[in-house]
Amino acid sequence: ECPGTGSAQAGRAAACQGCPNQGLCAAGAAGPDPAEAAELRARLRAVRHTVLVLSGKGGVGKSTFSALLAHGLAADETKQVALLDIDICGPSIPKMMGLEGEQVHQSGSGWSPVYVEENLGVMSVGFLLSSPDDAVIWRGPKKNGLIKQFLRDVDWGEVDYLIVDTPPGTSDEHLSIVQYLSATHIDGAVIVTTPQEVSLQDVRKEINFCRKVKLPIIGVVENMSGFVCPKCKNESQIFPPTTGGAEKMCQNMNVSLLGKVPLDPQIGKSCDRGQSFLAEAPESPATLSYRNIIQRIQEYCEQHHFQEEKIM
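Residues numbered from 1 in each chain as written. Predicted model: local features only at pLDDT ≥ 70, side-chain atom pairs only at ≥ 80, totals over all residues. Heavy atoms only, no water.

1. Observations regarding the layout of surface pockets
Item 1. Taken as a whole, the second largest pocket encloses approximately 300 Å³ of empty space.
Item 2. Along its surface, the second largest pocket is lined by 20 residues, and Val 60, Gly 61, Thr 64, Asn 223 and Met 224 are the ones closest to its centre.
Item 3. At the level of secondary structure, the elements contributing two or more residues to the lining of the second largest pocket comprise helix H3 (62-74) and helix H9 (265-273). (1 Å grid on protein atoms, 1.4 Å probe; cavity = no way out; pocket = protein on both sides within 12 Å on 5 of 7 lines; lining within 4 Å. Points joined across faces, edges and corners; volume = space filled by probe spheres on them. Helix = DSSP H or I, 4+ residues; strand = E, 2+ residues; numbered from the N terminus.)

2. Quick notes on the nonpolar core
Item 1. Judged by nonpolar contacts, the single largest core of 85 residues is most densely connected at Leu 52, Phe 65 and Ile 297.
Item 2. Of the residues forming this core, the biggest block, seven residues, is contributed by H3.
Item 3. If we skip the residues at most four places from it in the chain, Leu 52 touches Val 164, Ile 177, Val 178, Leu 181, Ile 186, Gly 188, Ala 189, Val 190 and Leu 215. (Core = buried A, V, L, I, M, F, W, Y, C linked by side-chain atoms within 4.5 Å. Buried < 20%, exposed > 50% of the residue type's maximum accessible area, 1.4 Å probe, protein only. Contact = heavy atoms within 4.5 Å.)

3. Considerations on the packing of aromatic side chains
Item 1. Per the stated rule, a full pass over the model turns up two aromatic pairs.
Item 2. Between Phe 65 and Tyr 290 the ring centres are 5.9 Å apart and the planes differ by 25°, which places this aromatic pair in the stacked class. On the criterion of sequence distance, the pair formed by Phe 65 in helix H3 and Tyr 290 in helix H11 (residues 285-311) is long-range, its members being 225 residues apart.
Item 3. You can call Tyr 290 buried: its relative accessible area is 1%. (Phe/Tyr/Trp six-rings, centres within 6.5 Å; stacked < 30°, edge-to-face > 60°.)

4. So, the UniProt feature "domain: AAA+ ATPase" (unreviewed entry) in the chain
Item 1. UniProt records the feature "domain: AAA+ ATPase" (unreviewed entry) at residues 48-219, using the numbering of this structure.
Item 2. A helix fraction of 33% and a strand fraction of 26% characterise residues 48-219, whose end C-alpha atoms lie 19 Å from each other. (UniProt positions renumbered as here; feature names shortened; annotations may be inferred.)

5. Quick notes on unusual backbone geometry
Item 1. Its identity as a non-glycine residue notwithstanding, Lys 214 has a phi of 60°, on the positive side.
Item 2. Relative to the helices and strands, Lys 214 is located in the loop between helix H7 (197-212) and strand E9 (217-222).
Item 3. In this structure, Asn 254 takes a positive phi of about 60° despite not being glycine.
Item 4. Among the secondary structure elements, Asn 254 is positioned in the loop between helix H8 (245-253) and strand E12 (257-260).

6. Some words on the pairing of strand E2 (residues 81-85)
Item 1. Across the five residues of E2, five count as buried, placing the element largely inside the fold.
Item 2. Of the two faces of E2, both are covered, the one formed by Val 81, Leu 83 and Asp 85 as well as the one formed by Ala 82 and Leu 84.
Item 3. Where E2 lies against strand E6 (residues 120-124), five bridges are found, and the strand directions are parallel. Each residue of the ladder has a partner; that of Leu 84, found in E6, is Met 123.
Item 4. Sheet analysis places E2 next to strand E7 (residues 159-165), joined by five bridges and oriented parallel. Following the sheet pairing, Leu 84 is matched in E7 by Val 164. (Pairing = 2+ DSSP bridges.)

Set out below in structure tokens:
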């Protein structure tokens, strides 16, 4: 197993043999360059909380969760929220936020985010494409360069919460965002899953990835957790939790279960229209679950911030 770029065994362990980055890790060059780190600190110094949204597998509702987390946090007009989409090959955030067709604007202080509301800004590679149907066929270095550019060149301004929507898995984009943000701070990661074992299997890998790169885990969200028929009120398990679901997995791996979000067809419809499901269906059981989860994330971030200040 990879010992991690911060380990004393980085580039020297048996698992490092054959890795293309072995030389960099062994030389201690896998971390951020000091000048680069200073640039990132200067740009992100006014970002109070940073939350990464991860998933082991695609299709579990990670981007939907990121979008609704941003909407939920921005419902408090005193909070400034930013949503950064680093899913380079599958940028769905512009569509979900009702910003399809928008373009990034350059100013003297850098790229300006595209705003949904006065207190909710968004940045995505989707804004850089001439058409939403364009395929992004890039190798790792180019992806990493764009992620760095999003952090370094976007004029985020004063931000209470920076939400980062990542692609599925544990690949270049994840290593890059953790490496670049290590120059500043990350409150932690929220991992999204569905109840069935085929999804939980990949979430376990995601949890181990977070521990390997010393990324705090805020908790796990079980999405698509049952469906209550709006007519007969009978509950069905669309994705049966054959091994106990996220709850059992969280107990076994000693991580927090932030909550379970039931299926609601309105969520997909709202995302397709670029509207906030939380505002369109305020009484839905899914909305109530989202609000509880968002409150728990806020409480974690505030506690994390307090502990950091205490240490400093």
